[in-house]
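Below are the chains, spelled out letter by letter.
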Amino acid sequence: MRTVDLRGKVGKSPLGDLGVQRPAFDSSSLEETTTNILSQVKTTGDEAVRKFTVQFDKADVKDLRLSDREIDEAENLLEDDLKQAIATATNNIIKIHTDQIKGDEFVETMPGVQCWRKTVAIEKVGLYIPGGTAPLFSTVLMLGIPARLAGCREIILCSPPDKGGKLNAAILFTAKLVGITKIFRVGGVQAIAAMAYGTETIPKVFKIYGPGNQYVMCAKQLVQKEGVAIDLPAGPSEVAIYADEMAHPAFVAADLLSQAEHGIDSQVLLVTYHQLLIDEVIKELDRQIIKLPRKDIAIKALENGKMILVKNEVEAIDLLNEYAPEHLILASTNADDLAEKITNAGSVFLGNYSPESVGDYASGTNHTLPTNGFAKAYSGVSVDSFVKKITFQKLSEKGLRNIANTVELMAEAEGLIAHKNAVSIRINNE
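Residues numbered from 1 in each chain as written. Predicted model: local features only at pLDDT ≥ 70, side-chain atom pairs only at ≥ 80, totals over all residues. Heavy atoms only, no water.

Peer 1: Can you walk me through the overall build of the chain in this structure?
Peer 2: When helices and strands are tallied, the chain shows 16 helices and 15 strands. With the C-alpha coordinates of the chain rotated into their principal frame, the extents come out at 85 × 60 × 45 Å. Considering the chain as a whole, with its 430 residues, one finds that 48% of them fall into the buried category. Between the centroid of the 46 positive side chains of the chain and the centroid of its 56 negative side chains there is a distance of 4 Å. (Helix = DSSP H or I, 4+ residues; strand = E, 2+ residues; numbered from the N terminus. Buried < 20%, exposed > 50% of the residue type's maximum accessible area, 1.4 Å probe, protein only. Lys, Arg positive; Asp, Glu negative; His and termini not counted. Charge placed at Lys NZ, Arg CZ, Asp CG, Glu CD.)

Here it is, written out as C-alpha cells:
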C-alpha cells in the first residue's frame, strides 16, 4: 500500500498498512475561546449575543428575531427555478422521512404482562444553519422536515447575519416552506450558547442540531456536558471514494472537489488498486479546480487529501470500514455487491452516476451525518433524532403472579430485598 497526496507526492500511509489519519489541530485554545463565549452568553444573555455578533459577524443587530415581514419578503428575492428546485427536494426528503415514522408496538411477554414503547417528540429543538460564504439552506430541509414530522412543539432556527444584519433569502424561504417561523440572526458559538441556556429573546431548547465550523462544533460538545443534547459529534466534512478501472477520472475528480470546496479543513480520500486512475484523476483535478469560484478553499483542503493505492478490492474495503467516512462513493462495476460489505459509513453512493452532491440536496436521504470516524457508532439525522422513546408496562394480578418468582429470585440473589418485597407484598397480600 502507498499513499499519494493530491499534489502527486508518494509516501507511506500515516497509519501503516490500514487507514489514513485525519488532520489534527491543537484544541486547547479553541476550547478556551469557546468556553469564554459560552460563559458570557450564559451570564448576560442578549447583551453578550449582540456583542459577539458585532465582533465576529461585523453586524450591529438590534432585533435578534426576524419579523414575519422579513421572512415573507425573502420569497420575492428568489428566482422561480430555485424555488421549484427547493420544492422538488422538499418532496423527496418528505417521502424518505415519512417512511421512518413507525407506530408503537404492544408485546405480551407473559400472560398478563404487557409492555410497549411510546414515541414522544422532543418538545423544544434548535437548528443551527451556517451562513457566510456557503449559506446552507439545504440543511434547513434536512433538519426542519424531520423535526416537523416528529411533531416537535417548538422549532427555532439560528443563522449568522451578513454585515447588514440580514439572513440569506434562500434560508428564510426554505424555513417558511417547512413551517419554521422563529428565526434568529445569530451565528457562531453565541448561537449555540443562546439555544443552550436561553436569553431574553432566544428560548432555551432541549436539543441542538446542525453543522458548523470548529468553534460551533466545539460549543455543541461543551454544552452537551451541561445537559443539552446534540444531534451527533462531528468534525470537518469528508468524502471517501473507492474506484476501480471502470470509474471515470473526471467524475472522481469532480466528487473530490465537491467536498474540498466546503472548507479548508475538509478531507477527501481516493482508494483504488488502479495506478493509471490515480494519474488521470490528478490531471482532472488540475483541469477542474481552476474553474471553481472557491478554488482557493479547495486547494487548501486538498492538502489534507490522500490517494491510496491498495493491492486489491478486499484491502480497499477493509481500509474504508476502518476509516468510517461521512460520505462513501463506490465508483465500481460491482458497487451493489460491495455495498453489502460496508459496515462503517454515514451515507453510501453506488455507481458512477450517484454523486455525493445529490444526497446533499435532493435525493431524499439526510445529509447531516457523522464525521471524523463517528460513523462507526452513530447514524445520520433522521426522524428518530427528534423523538425519544418511553417504555411502559402494565401487569394484571395474574400477570404479576406469573412473573413473581422470577423477580423474587433475581432480587434476592443481588441482595436487594426491598425489590423482592415490592413483589411479595402484592402476591402474599401482606
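Peer 1: Even after reading the chapter, I still don't get the sheet that holds strand 5 (residues 124–128), so can you show me in this structure?
Peer 2: Hydrogen bonds between backbone atoms are what pair the strands of a sheet, whose relative direction is either parallel or antiparallel. One open sheet holds the 5 strands; their spatial order is 7-6-5-8-9, and the pairing between them is parallel. The sheet terminates laterally at strand 7 (182–184) and strand 9 (229–230), the two strands that pair on one side only. In the sheet, strand 8 (residues 207–209) pairs with strand 9 via 2 bridges, with the strands oriented parallel. In the strand pairing of strand 9, I208 is matched with I230. (Pairing = 2+ DSSP bridges.)

Peer 1: Is there a simple way to think about the pattern of salt bridges in this case?
Peer 2: Pairing is possible between side chains that carry opposite charge, provided their charged atoms lie close to one another. Across all of its chains, the model carries 14 salt bridges by this definition. In this structure, E226 engages K42 in a salt bridge whose closest nitrogen and oxygen atoms are separated by 3.0 Å. Taken together, the residues span a long stretch of sequence, with E226 in the loop between helix 8 (214–224) and strand 9 and K42 in helix 1 (residues 28–44) at a distance of 184 residues. A salt bridge links E73 to R69; its shortest N-O distance comes to 3.1 Å. Here the residue E73 and the residue R69 both occupy positions in helix 3 (residues 68–74), the gap between them amounting to 4 residues, near one helical turn. For E73, a relative accessible area of 38% translates into the label partly exposed. Given the relative accessible area of 52%, R69 is considered exposed. (Salt bridge = Lys/Arg side-chain N within 4 Å of Asp/Glu carboxyl O.)

Peer 1: Just checking my understanding: could you explain helix 12 (residues 313–323) for this structure?
Peer 2: Residues lying three or four places apart along an α-helix face the same way, a consequence of the helix completing one turn every 3.6 residues. Within helix 12, the full set of buried residues consists of E315, A316, I317, L319, L320, N321 and Y323. On the buried face of helix 12, the contacting elements are strand 10 (238–243), strand 11 (267–272), strand 12 (306–309), strand 13 (327–331) and helix 13 (335–339). Positive backbone phi, at 55°, marks A324, one or two positions downstream of helix 12. (Contact = heavy atoms within 4.5 Å.)

Peer 1: Would you mind going over the pairing of strand 13 with me for this structure?
Peer 2: Successive residues of a regular strand alternate their side chains across the two faces of the sheet. Of all 5 residues making up strand 13, 5 are buried, and the element is well covered by its neighbours. Taken together, the 4 bridges between strand 13 and strand 14 (residues 347–350) define a ladder with parallel strand orientation. Residue L330 lies in a different strand from strand 14, and its bridge partner there is L350.

Peer 1: What is the right way to read the side chain of T199 from this model?
Peer 2: With respect to the element layout, T199 can be found in the loop between helix 7 (188–197) and strand 8. Residue T199 is classed as buried on the basis of its relative accessible area of 16%. When neighbours within four sequence positions are excluded, T199 is seen to be in contact with V41, G45, D46, V49 and A194.

Peer 1: Teacher, can you tell me more about the sheet that holds strand 15 (residues 387–395) here?
Peer 2: Pairing is antiparallel across the open sheet formed by 3 strands, whose spatial order is 3-4-15. The open sheet has two free edges, formed respectively by strand 3 (106–110) and strand 15, since each of these has just one partner strand. Sheet twist, expressed as the mean angle between neighbouring strand axes with direction ignored, is 25°. In this sheet, strand 15 lies alongside strand 4 (residues 113–121) in antiparallel orientation, the contact comprising 9 bridges. Its bridge partner being in strand 15, W116 is matched across the sheet by F392. Packing against the sheet, helix 15 (residues 397–413) makes contact with strand 3, strand 4 and strand 15, and its axis sits at approximately 95° to strand 15. (Axes fitted to C-alpha atoms, helices over the stretch in contact; angles between N-to-C directions.)

Peer 1: Quick question: what am I supposed to make of the environment of C152 here?
Peer 2: Relative to the helices and strands, C152 is located in the loop between helix 5 (137–150) and strand 6 (154–158). For the pair C152 and F251, spaced 99 residues apart in the sequence, the C-alpha separation amounts to 40 Å. Once you skip the residues sitting within four places of it in the chain, C152 turns out to touch A121, I122, E123, V125, A147 and F386.

Peer 1: What is the right way to read the packing of aromatic side chains from this model?
Peer 2: Remark: the centre distance and the inter-plane angle together describe each pair of aromatic rings, the angle taken between the planes. Summed over the entire model, instances satisfying the criterion amount to 6 aromatic pairs. Here Y209 and F386 contribute two aromatic rings whose centre-to-centre distance is 4.0 Å and whose plane-to-plane angle is 10°, an arrangement assigned as stacked. With Y209 in strand 8 and F386 in the loop between helix 14 (356–361) and strand 15, this pair connects stretches of sequence that are 177 residues apart. This pair shows no difference in class: Y209 is buried, exactly as F386 is. (Phe/Tyr/Trp six-rings, centres within 6.5 Å; stacked < 30°, edge-to-face > 60°.)

Peer 1: Quick question: what am I supposed to make of helix 10 (residues 275–289) here?
Peer 2: Compared with the 21 Å implied by 1.5 Å per residue over 15 residues, the 21 Å span of helix 10 between its first and last C-alpha is a close match. Listed in full, the buried residues belonging to helix 10 are L277, I278, V281, I282, E284, L285, Q288 and I289. In an axial view of helix 10, the angular spread of the buried residues amounts to 165°, which keeps them on one side of the axis. (Expected span 1.5 Å × (residues − 1). Arc of directions from axis to C-beta.)

Peer 1: What am I meant to see in unusual backbone geometry here?
Peer 2: When glycine is set aside, most residues are seen to have a negative phi, and most peptide bonds are trans. With a phi angle near 55°, A324 is a residue other than glycine that sits in the positive phi range. A residue is classified by how much of its surface remains accessible, and A324, at 0% relative accessible area, is buried. One non-glycine residue with positive phi stands out, namely N372, at about 60°. Looking at the element boundaries, N372 is found in the loop between helix 14 and strand 15.

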